[in-house]
Amino acid sequence: MGQYDLETIRHSTAHLMVQAIQRLYPNEKIELGIGPAIENGFYYDILMDKKILDEELKNIEDEMKKIIKEKLPITRRVFANREEAAAFFKERGQNLKVELINDLPAGEEISCYEQGEFIDLCRGPHVEHTGQLPTFFKLTTTAGAYWRGDSSRPMLQRIYAISFDSKEALKAHLTFLEEAKKRDHRKLGKDLDLFFFSSEAPASPFFLPKGAFVYNELMDFMRRVIRYHGYLEVVTPQMLDVSLWKTSGHYDNYHEDMFFSESENRQFALKPMNCPTHMLVFQNKRVSYRELPMRIADFGRIHRNERSGTITGLTRVRTFCQDDGHIFLSMDQVQNEIQELMKIVAMTYRHLGFEDFSLALSTRPEKKLGDDATWDQAENALKDALEKSGVKYTIAEGDGAFYGPKIDITVRDAIGRRHQLATIQLDFQLPERFDLTYMSKEGKEERPIVIHRAILGSLERFFGVYLENIAGAFPFWIAPEQAVIIPVNTEKFADYCDSLYAKFKQKGYRVRIDDRNESLGKKTRESQMAKIPFMLVIGEKEVEAGTVSVRKYGEMQSQTMSLDELCAAFDKLNEERNPIEMRYFWIVRKIFYCFQGEAQPNMKSPLSLQATSKNALTKKPFPSSLLSLRKMANGIWKKIKKKFF
RNA sequence: GCUGACUUAGCUCAGUCGGUAGAGCAUCGGUUUUGUAAACCGACGGUCGUAGGUUCGAUUCCUAUAGUCAGCUCCA
C-alpha cells in the first residue's frame, strides 16, 4: 500500500465503487461521468435511472470489499487514437465518455483501465490489483451534480466517499466532522439563544437579545476601526428608483436576484448593495483633490433574493448588512490605499482570532463591463500593490466582479476550514457610469477611481464563521453576558450579591445574579453550557472575607480573589475591545514623531507607522504582549524626553 | 433554480406495517436554601409543516406546496 500515493488509492477506489454499483444493479443502464479524487476522498458521477438511496450505500461498500478480496488485476489498455477509443465506448453505450474523448487532443494515444468485467476511460495511474486497496473508506452521501458543471446539461447522480490510507487518518477525519458538527453555528445559535429563523421570513435571521448584542458589538468594533482609519460613515436609503440600478448596471446583471416594489407608478428596488448610493453621496457636492482619498462607510441593510437552493444558516441569507465602504481616489493613490487596506484586514482578523489568512487576486470574468485596456490597468494596479506589500497571493482567473478585479481574503478557522470574508475591489466602471469627477490641483475635472471594500464582509456571515471559530465561547469583551453571580444560599447572601452586582453594573460590565431557587450544581452546569466567561460563587466564606470564588469558563477549578483583583482582571480583559495597535497608538505616535523630527499633518493612517514591517500579513507589527509594548513605549518615550526636552 | 432527503410539544427525540400520539429537558405550581456540570413531587403543553386526494377512518399512503438540510449551479 505504501508505494501508492493517496490520490491514486482514492481514484482506484472510485473505480472500485462504480464496479460494485454495476454488479449490484445489473439490469440498469449505467453511464459513467467522471470520478476524481478530492480532498478527504473521492466521488463518482453516474447517469442511471434508478436513484441510489442512502441506505443502499452500505451494500455498495460491502460489494466493494468483496471485489477487494478478489484481487482483480488492474490493467492498462491503450487505444491508438481518440476515434478508436470513441468507437469502443460508443458501442458500450458510454456516451458521456465519448464526449470526454472527443475533447481530448487528436492523434494521441488514449488509455483505459480494466479490472475484471469493468473498464473505464482513465489517464491513471492505478494500483496493480484491487487487493491493494485499503478498506478505510466510507460512502457518505448521494447528490445531484450537473454534467461538466453546466446547469444547462443533465444532472447526474454523484456519490461521495471519504477515503484514507490508514485507519487513524479515517478516524481523525471522522473526529473532525464531529467537531465541526458541534461547532455548527446553527446549533450554537439555538443552544446559546443567539438567533433563530422563521418560515415567515426564509433565509432571514432574527437576532435574539444575546445575538443582537454580539452583532451590534461587532459592528461597533468595526466602527471604531474605520473611524480610526479616516472613514466617514453615512446612512443611505433602503429603496431606490430602478433607474439608479440601471445606471449602475446591477439591474442588467442581477435583476433576477433583486426585490422590487412599486408605488405611484414608480418602480423601486430594495438595495442589493450600497455602491450606487455612495456614488450619489460623492456627487452631492464638488469634491476637491484635497479630500481624496475619500473614504465612505455604510452599515446599511441590503436584500438579495438568493436562489432558494443556495441559502444556508447565516452563511447565505437574503437580508444582511455589510461593513461596507467605498474609497474615492486618484490613480496614484491606489497602491498606498490597497496596502493600507491589507493592513486593516490583518489587524482586524488577528484581533478577532483569525491568525492565518491568504490572498487571491481575481481577474476579469466573462460577464463584464468596460474595455480590456481599463481592465489591464485595474488588474495591474492590484498586482503592483500586492507585489509591493511583499505578500504571497494566488490568482483566480475570471473570478472578478463584473465592474472590476478584486483581492479576496480567505481566513482559516480554528479547525482548519477556509472562509472567504473580506474583499477589496477596484472599480473604473461606476465612476464612469455615474460621471463622477473631482477638481484636480490644476483646476481640471478628473475622474476618480473607486475601491469597494468590506473587512468582515457580511455581518451575518461573519457572525456564523466567528461563532464557529470560537466554538460559541465569546471572549470577555464581546460576551453578551460576562459573568453570573451565584449565591450558595439565595436568601442569606442576597445583600453581598447585590453590592457586587451594583459595582460591576456601575463599571459597565454585563453581569447577572442567578437567584433562582435551584441547586448550585445546576446553576454551574447551566453557566458552563451557556459558555459565560466567569462564574462568581458567593457563600459564607466569601461574605466573611469579602472575596469572590471565581471560575473561568472551561476551567474545572475555581480560585478565590478579592473584589479589587477581580475588577482589575475585568478591566484588563475589557481592553481587548480594541486591537493593540489602536490602544497604544498615541504613545507610539509620540515616539514616531520624535524620530521623524516633527509630526506629519498628512499622516492619515496610524498603520503607516509600521515602517519596519516588511510583511504586513505575517509579521506582528507591535509586540504581541500588551505589557511589553507598554514597557517599550514608555521606556523609549522617557529616554527621548530626557535627552531632547 | 436543479437532484435527493427531512419536517411529531418551546428544545432534543421516540412512536403508529392506516384506528387522531409518548419521554427527557424547558415552562408553571408546591416542597427544598443548596459549595462548583441536572434536588424532589405535581400540572400544563401537540387538528404529527400546510393544502388537497385515496379510505368507513390519514400523523402514517398519494399529489401539490412551504420551510430546512446535503450536493450541483450561482454568490454584485
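As the structure is a computational prediction, the values presented were derived from the model and not from experiment.

Reading the values: the criteria
- Residues numbered from 1 in each chain as written.
- Chains lettered and ligands numbered in written order.
- Predicted model: local features only at pLDDT ≥ 70, side-chain atom pairs only at ≥ 80, totals over all residues.
- Heavy atoms only, no water.
- Pairing = 2+ DSSP bridges.
- Helix = DSSP H or I, 4+ residues; strand = E, 2+ residues; numbered from the N terminus.
- Axes fitted to C-alpha atoms, helices over the stretch in contact; angles between N-to-C directions.
- 1 Å grid on protein atoms, 1.4 Å probe; cavity = no way out; pocket = protein on both sides within 12 Å on 5 of 7 lines; lining within 4 Å.
- Points joined across faces, edges and corners; volume = space filled by probe spheres on them.
- Nonpolar A, V, L, I, M, F, W, Y, C, P; charged D, E, K, R; others polar.
- Near = heavy atom within 4 Å.
- Polar contact = N/O pair within 3.5 Å; in protein donor to acceptor, adjacent residues only side chain to side chain.
- Parallel < 35°, antiparallel > 145°, perpendicular 65-115°, else oblique.
- Contact = heavy atoms within 4.5 Å.
- Core = buried A, V, L, I, M, F, W, Y, C linked by side-chain atoms within 4.5 Å.
- Buried < 20%, exposed > 50% of the residue type's maximum accessible area, 1.4 Å probe, protein only.

A. The sheet that holds strand β13 (residues 260–263), seen in detail. One open sheet accounts for three strands, arranged β12-β14-β13; its pairing is antiparallel. In this open sheet, the two strands that pair with only one neighbour each are β12 (239–241) and β13. Averaged over all neighbouring strand pairs, the angle between strand axes comes to 35°, with direction disregarded. Pairing analysis gives four bridges linking β13 to strand β14 (residues 266–270), with the strands arranged antiparallel. Of the residues in β14, the one forming a bridge with Ser 263 is Arg 266.

B. Summary view of empty space enclosed by the protein. In the structure shown here, the tally under the stated rule is three cavities of 30 Å³ or more. When its residues are assigned to classes, the lining of the largest cavity shows eight nonpolar, one polar and three charged.

C. Layout of the protein's contact with RNA strand B. The local shell around RNA strand B holds 57 residues, among which Ser 308, Asn 489, Asn 517, Ser 519 and Ser 549 are the closest. A breakdown of the atoms of RNA strand B within 4 Å of the protein gives sugar and phosphate a share of 52%. At 3.1 Å from a base nitrogen of RNA strand B is found a main-chain nitrogen or oxygen belonging to Gly 309. Take Tyr 403: an N or O atom from its side chain is 3.1 Å from a sugar or linking oxygen of RNA strand B.

D. Spatial organisation of the packing of helix α3 (residues 82–91) against helix α4 (residues 95–102). Following both chains from N to C, one finds α3 and α4 inclined at 170°, their axes separated by 8 Å at the closest point. Taken as axis vectors, α3 and α4 run roughly antiparallel relative to one another. Taking contact as the criterion, the partners of Arg 82, Ala 85, Ala 86, Phe 89 and Lys 90 in α3 are, on α4, Lys 97, Val 98, Ile 101 and Asn 102. Per-class residue counts for the contact of α3 with α4 are five nonpolar, one polar and three charged.

E. Looking closely at the nonpolar core. Judged by nonpolar contacts, the single largest core of 64 residues is most densely connected at Tyr 349 and Ile 407. Among the nonpolar cores identified, the runner-up in size contains 32 residues, and Ala 14, Leu 16, Met 17 and Leu 72 belong to it.

Geometric values such as these leave the question of function open.
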